[in-house]
Structures are given as structure tokens and as C-alpha cells.
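One letter stands for each residue in the lines below.
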Amino acid sequence: MFPAMLIGIDASRALRARRTGTENYSLQLIRHLLALESDHRFRLYCDQQPSPDLFGIAGNTRLSNNAELCVIPFARLWTHLRLSAEVMRNPPDVLFVPSHVLPLIHPRPSVVTVHDLGYHYFPEAHRARDRWYLDLGTRFNARSADRVIADSRATRADLLGLFDLDAEKVPVVYLGRDQNLKPETNSERLQDVKGRLGLRDPYVLTVGTLQPRKNLARLVDAFSRVQARVDAAQLVLAGRVGWLSDPIFEQVKRFGLEDHVLFPGYVEDSDLAALLSGAAAFAFPSLYEGFGFPVLEAQACGTPVLASNTSSLPEVAGDGALFVDPLDVEAIADGLYRLLSDQALRNRLRAEGFANIQRFSWQRCARETLAVLEKVGAA
């Protein structure tokens, strides 16, 4: 049994209006940490005032009695200047940073989550300044934190190999999944989303920021080979436009696929289940993933998944995906065609996907994360 502690959490990433993977991790983990039964108190450091219901779950729209907000607005360098000053002035018993970098000044008992090291393996997929900042921040986290949580065994192996860390310092805590996400069976809802986005059957879907690490230029090349055999097929690349994305659009023009490749932009949470459920296949041939949220989202909606056979994706997708070499365009094309044409394969992957997602929950993620924080705080 651990003594009651004040646990400080950098909640700034959870406040983003349009959250991608790491921001969603911050939000869901904070919500479920607050919902756990414990004697600990939580202080949430925010760079802006959150909406009143942001950190409530399961119908409880109020901040729990064991939590307090510390809203400290600041224009630039919030983490290293403003948060540093706050935790130096009024330190928590342990500080947890779920989705960014530790402040330069931080209490000794500190824990940080490192989500991936893709910048190291695929530097060309990042802008130079981003690559520099990611490397500097990750090295600082690895050196300074008392524990570095990895969200997959693959990420843990990368951390241990690159930074020569003590194995005990890097626990693995799997992320959770949205347990409310399930197949959309309402035909009117499905048709509404398809109509608004201009979709037709069959379509292959991918979801994520349009940037080089997602390997979308090769996916477009592979789809061009499949589209020649399945004439009506569409490829839907859903997500906001990110960095170094011009080659993706150029690839679409190169293959004359302007009428077959759609860019609907960022998908609101309210449309995600219908978009996934209506897809004939979900393609995720990413070059590198520390975890891979979208794979679990597709599996939860019963969509057959094609994924890369590298980094954390085999570990996370389990038996519920068809794996391909992300650098082999022909292998990606063959996998897409199999998913579009082999009903028995689709049925097997759907069933295996439903079984696989049972391994992941935010409740489990919160319990295991709290156990790490307790151990560090009590040391």
C-alpha cells in the first residue's frame, strides 16, 4: 500500500480541439486516472481553461473531488518556462508528462511517456527542425525521468537500444481503446456519411495526419495497381494535412487518380464509426508506429485491416490484420486486392480483430500507469 500523494499531470496536450493519437492518449488516460478509486490527489496543469466537462467520464461531467486544475496561460515555451516555474514553486510528489517533454525544471520523482522513435529510423519523414527537437526532447526525457513509459514492447526495445537505459526504467503500458466505438449498422447513418463525403463502394480507408511516416505515397502507388482491376474502388485518405505532404498529392496526379482518391480532411469523432464501418478495407502501411490507434479503431468497427509488418503494428494488431512489407509497393497492392476480393479472408480478419481489441482498455492503462507513478513517488 502506497501513501497518498499529490500527482501532477501535464494536461496541456489533452486540451487540443482536434486531437490525434498522443493528444487522445493524454485525455483518455487522465479521465480514467481520475476515475480510479485511490487516496491520491491530482493536479492538472493546463495552458488554457478547459471546458467544464472535459475530464469527466461515464456520465460524470464534473471534475472528480480528488482533482484540481492549475491553469497557467503562457504564450510561448509554456513547458520549459511557465510549467517549470510552477512545479519549482509548488512541487507535486510526482510529475507525469503523458505526451510531450519534461519541463527543464521538474521534481526529481518524474515520469514521462515516450510514444515512438520514428524520427530516428526514418529521418527523411520529418522536417529538420522537428527531427532535431524530437531527438533533443527524447534524449532529455530518457536521461531525466525516473521512469520512461513505453506504449509497446517495440518502443521499449528502441529506447533501451538507443539510449542504453536500465531495463527497469522502461515499463510497457499498453494504451487503451474507445470501448464505445463499434460497427455502425444504421443504413441511414452510413449513407449520410458517405453522401456528405462523396464516397462510393468499395472504398479503402486510412486515417491519420497526411505526412511521410504514414507511407501514403506508396499506398497511392499500390492502389493505382488495384484500381485498374477493381474499377469502381476509391481510396480515402482521411486526416489533416501535415508536413512534407506534397508528394502524396503529386502521386495522385501522376497516376491520374483524381477521381478515385479522396481527401476528406480531419474526421470528427461523430463520423468515425460510420466511415470505418462502411470501408471495404482499412490500410495502414505506416513506416513506423509506436502503437497505432487507428488499427484498433478499425478492428472495433469490424473493418478488415492491412498493416505494416514492422515496429509495433504486429504486436498491437495481433492476428487481426494482413501484414505486408511497407517498402514493397507490390506487396501492398497484393494485400489490398486480397482484402477486396477474398470474402473468407475478410471474415477471418474481422473475427480476429474483434477478439484482439479485448486486450486493450483505458481502465487497464490507467491502473498500470498509476502503479508506475506510485512506485516512483514512494521511492
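Participant: Would you explain the pattern of salt bridges in this entry?
Facilitator: Pairing is possible between side chains of opposite charge, provided their charged atoms come close. Enumeration over the complete set of coordinates arrives at 21 salt bridges. In this structure, R43 engages E68 in a salt bridge whose closest nitrogen and oxygen atoms are separated by 2.6 Å. With R43 in strand β2 (residues 41-46) and E68 in strand β3 (residues 67-71), the pair connects residues that are 25 residues apart, well separated along the chain. Residue classification places E68 among the partly exposed positions, given a relative accessible area of 31%. For R196, the salt bridge is made with D192, and the minimal N-O distance between the two is 3.2 Å. Linking R196 with D192, this pair stays in helix α6 (residues 187-197), spanning four residues, or about one helical turn.

Participant: I'm lost on the packing of aromatic side chains in this one. Help?
Facilitator: To describe a pair of aromatic rings, one takes the distance between the centres and the angle between the planes. Applying the stated rule across the entire model yields nine aromatic pairs. Relative to F291, the ring of Y174 lies with its centre 6.5 Å away and its plane at 50°, an arrangement referred to as tilted. A residue pair is termed long-range when its members are at least 10 positions apart, and Y174 in the loop between α5 (153-163) and α6 and F291 in the loop between β10 (281-284) and α10 (293-300) qualify at 117 residues. The residues Y174 and F291 share a single accessibility class, namely buried. An aromatic cluster is built from Y25, Y174, F291, F293, F360 and W362, whose rings are joined through pairwise contacts. The ring of Y337 carries the charged tip of R229 above its face, separated from the ring centre by 3.6 Å.

Participant: Got a minute to help me understand the packing of helix α1 (residues 21-35) against helix α14 (residues 362-378) in this structure?
Facilitator: Any two packed helices are characterised by the angle at which their axes cross and by the distance between the axes. In the contact formed by α1 and α14, the axes pass within 9 Å of each other and the chain directions differ by 75°. Here α1 is positioned roughly perpendicular relative to α14, judged by the angle of their axes. Packed against α1, whose contacting residues are N24, Y25, Q28, L29, H32 and L33, the element α14 presents W362, Q363, C365, A366, T369 and L370 at the interface.

Participant: For this particular structure, what's the right way to read the sheet that holds strand β7 (residues 203-207)?
Facilitator: Sheets are built from strands paired through backbone hydrogen bonds, the pairs being either parallel or antiparallel. With respect to topology, six strands assemble into an open sheet ordered β9-β8-β7-β10-β11-β12, the strand pairing being parallel. Here the strands that pair on one side only, and so sit at the sheet edges, are β9 (261-265) and β12 (322-324). Sheet twist, expressed as the mean angle between neighbouring strand axes with direction ignored, is 25°. Across two bridges, β7 lies against β10 in parallel orientation. Paired with V204 across the strands is A281, a residue of β10. Helix α7 (residues 216-227) contacts β7, β8 (234-238), β9 and β10 of the sheet and is inclined by roughly 170° relative to β8.

Participant: Would you explain the sheet that holds strand β4 (residues 94-97) in this entry?
Facilitator: Taken in spatial order, the six strands make up an open sheet running β3-β2-β1-β4-β5-β6, and their pairing is parallel. The sheet is open, and its two borders are formed by β3 and β6 (147-150), each paired with just one other strand. Taking the axes of each pair of neighbouring strands and ignoring which way they run, one obtains an average angle of 20° across the sheet. The pairing of β4 with strand β5 (residues 110-114) spans three bridges and is classified as parallel. The residue of β5 that forms the bridge with F96 is V111. Along the sheet face, α5 touches β5 and β6 and points at about 140° away from the line of β6.

Participant: Help me out: how do you make sense of α10 in this one?
Facilitator: In an α-helix there are 3.6 residues to a turn, and that puts residues three or four apart on one side. Among the eight residues in α10, seven count as buried, and that is most of the element. Taken as a whole, α10 has its buried residues at F293, P294, V295, L296, A298, Q299 and A300. Downstream of α10 by one or two residues, G302 has phi in the positive range, about 75°.

Participant: Which parts of the structure should I look at to understand the environment of D164?
Facilitator: When you line up the elements, D164 lands in the loop between α5 and α6. Residues D164 and E23 lie 141 residues apart in sequence; the distance between their C-alpha atoms is 28 Å.

Cut-off values and rules
- Residues numbered from 1 in each chain as written.
- Predicted model: local features only at pLDDT ≥ 70, side-chain atom pairs only at ≥ 80, totals over all residues.
- Heavy atoms only, no water.
- Salt bridge = Lys/Arg side-chain N within 4 Å of Asp/Glu carboxyl O.
- Helix = DSSP H or I, 4+ residues; strand = E, 2+ residues; numbered from the N terminus.
- Buried < 20%, exposed > 50% of the residue type's maximum accessible area, 1.4 Å probe, protein only.
- Phe/Tyr/Trp six-rings, centres within 6.5 Å; stacked < 30°, edge-to-face > 60°.
- Lys NZ or Arg CZ within 6 Å of the ring centre and 35° of its normal.
- Axes fitted to C-alpha atoms, helices over the stretch in contact; angles between N-to-C directions.
- Parallel < 35°, antiparallel > 145°, perpendicular 65-115°, else oblique.
- Contact = heavy atoms within 4.5 Å.
- Pairing = 2+ DSSP bridges.

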